[in-house]
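Given next are the chains, with one letter for each unit.
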Amino acid sequence: MKAETFLPDDYRPAEDEPFMNERQLEWFRRELLEQRNELLSDSKSTIAGLQDGTRNIPDVADRASEETDRALELRIRDRQRKLVSKIDAALRRIEEGEFGYCAATGEPISLKRLVARPTTTLSLEAQERHERRERVHRDD
């Protein structure tokens, strides 16, 4: 088992240190785990709320409004479920030593991009190329 890497409370990955060193990887791992735990906690509270919230509302408009709210809540949770899968994939990439490198080019992904979106698998340039191709093929 790997020894835990010490991180000061105010640590943030910086451009002037070696790319994807142990401290950076540990920082991203902790950020991803924290984000994952928040999403799972929110999901549990939604499930509890949906189970407790079954009421018999006599007014048709009020009932429709509540059903719309529930449908929206479920859509949000579905998106979060997909994000949890992406977080799990990012955590696997950390363990496998592939985190921080573009899946298309193998080049390092900028730290700014990784901090903003740690689940990303493409560099900004590769993502832009992907989106351009997607737009071209979508118009067909």
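Report on the accompanying structure. The shown structure was predicted, so the numbers you read here are calculated from the model rather than taken from an experiment. (Residues numbered from 1 in each chain as written. Predicted model: local features only at pLDDT ≥ 70, side-chain atom pairs only at ≥ 80, totals over all residues. Heavy atoms only, no water.)

Some words on the environment of proline 118
Thinking step 1. Structurally, proline 118 can be placed in the loop between α3 (111–116) and α4 (124–138).
Thinking step 2. Taking the relative accessible area as the measure of exposure, proline 118 reaches 12% and is therefore buried.
Thinking step 3. Taking the C-alpha atoms as reference points, proline 118 and leucine 91, separated by 27 residues in sequence, lie 9.7 Å from one another.
Thinking step 4. Here proline 118 is in contact with Phe28, Leu32, Ala90, Arg93 and Phe99, once residues within four sequence places are set aside. (Helix = DSSP H or I, 4+ residues; strand = E, 2+ residues; numbered from the N terminus. Buried < 20%, exposed > 50% of the residue type's maximum accessible area, 1.4 Å probe, protein only. Contact = heavy atoms within 4.5 Å.)

So, a positive patch on the surface
Thinking step 1. Together, Arg129, Arg132, Arg133, Arg135 and Arg138 make up a region of like positive charge exposed at the surface.
Thinking step 2. By the secondary structure assignment, arginine 129 is in helix α4.
Thinking step 3. Arginine 129 sits in the partly exposed class, given a relative accessible area of 34%. (Patch = residues over 30% accessible without salt bridge, like charges linked within 9 Å, V, L, I, M, F, W, Y side chains within 5 Å. Areas by Shrake-Rupley, 256 points an atom, 1.4 Å probe, with all protein chains shown as cover. Salt bridge = Lys/Arg side-chain N within 4 Å of Asp/Glu carboxyl O. Lys, Arg positive; Asp, Glu negative; His and termini not counted. Charge placed at Lys NZ, Arg CZ, Asp CG, Glu CD.)

Thoughts on a negative patch on the surface
Thinking step 1. On the surface, a cluster of negative charge is made up of Glu31, Glu34, Glu38 and Asp42.
Thinking step 2. Mapping glutamate 34 onto the fold places it in helix α1 (residues 22–52).
Thinking step 3. The exposure class assigned to glutamate 34 is partly exposed, which follows from its relative accessible area of 47%.

Comments concerning the packing of aromatic side chains
Thinking step 1. Across all of its chains, the model carries three aromatic pairs by this definition.
Thinking step 2. Ring plane angle 80 degrees and centroid distance 5.1 Å describe the contact between tryptophan 27 and phenylalanine 28, whose orientation is recorded as edge-to-face.
Thinking step 3. For tryptophan 27, a relative accessible area of 9% translates into the label buried.
Thinking step 4. Its relative accessible area of 0% is what places phenylalanine 28 among the buried residues.
Thinking step 5. For the pair phenylalanine 28 and phenylalanine 99, a centre-to-centre distance of 5.1 Å together with 50 degrees between the ring planes defines the contact as tilted. Of this pair, phenylalanine 28 sits in helix α1 while phenylalanine 99 sits in the loop between α2 (60–96) and α3, and the two are 71 residues apart along the sequence. As far as the burial class goes, phenylalanine 28 and phenylalanine 99 line up, both buried.
Thinking step 6. Aromatic rings pair up to connect Trp27, Phe28 and Phe99 into one cluster. (Phe/Tyr/Trp six-rings, centres within 6.5 Å; stacked < 30°, edge-to-face > 60°.)

Section: the nonpolar core
Thinking step 1. Of all hydrophobic cores here, the largest spans 19 residues; its most connected members are Met20, Phe28, Leu32, Ile94, Phe99 and Leu114.
Thinking step 2. Those elements that place two or more of their residues in this core are α1, α2 and α3.
Thinking step 3. The element that contributes the greatest number of residues to this core is α2, accounting for five residues.
Thinking step 4. Not counting chain neighbours up to four residues away, the residues in contact with leucine 114 comprise Phe19, Met20, Phe28, Phe99, Gly100, Ile109 and Thr120. (Core = buried A, V, L, I, M, F, W, Y, C linked by side-chain atoms within 4.5 Å.)

Focus on the environment of serine 65
Thinking step 1. By the element assignment, serine 65 lies in helix α2.
Thinking step 2. The spatial distance from the C-alpha of serine 65 to the C-alpha of lysine 112 is 41 Å, given a sequence separation of 47 residues.

Some points on unusual backbone geometry
Thinking step 1. With a phi angle near 55 degrees, methionine 20 is a residue other than glycine that sits in the positive phi range.
Thinking step 2. Inspection of the secondary structure assignment puts methionine 20 in the segment before α1.

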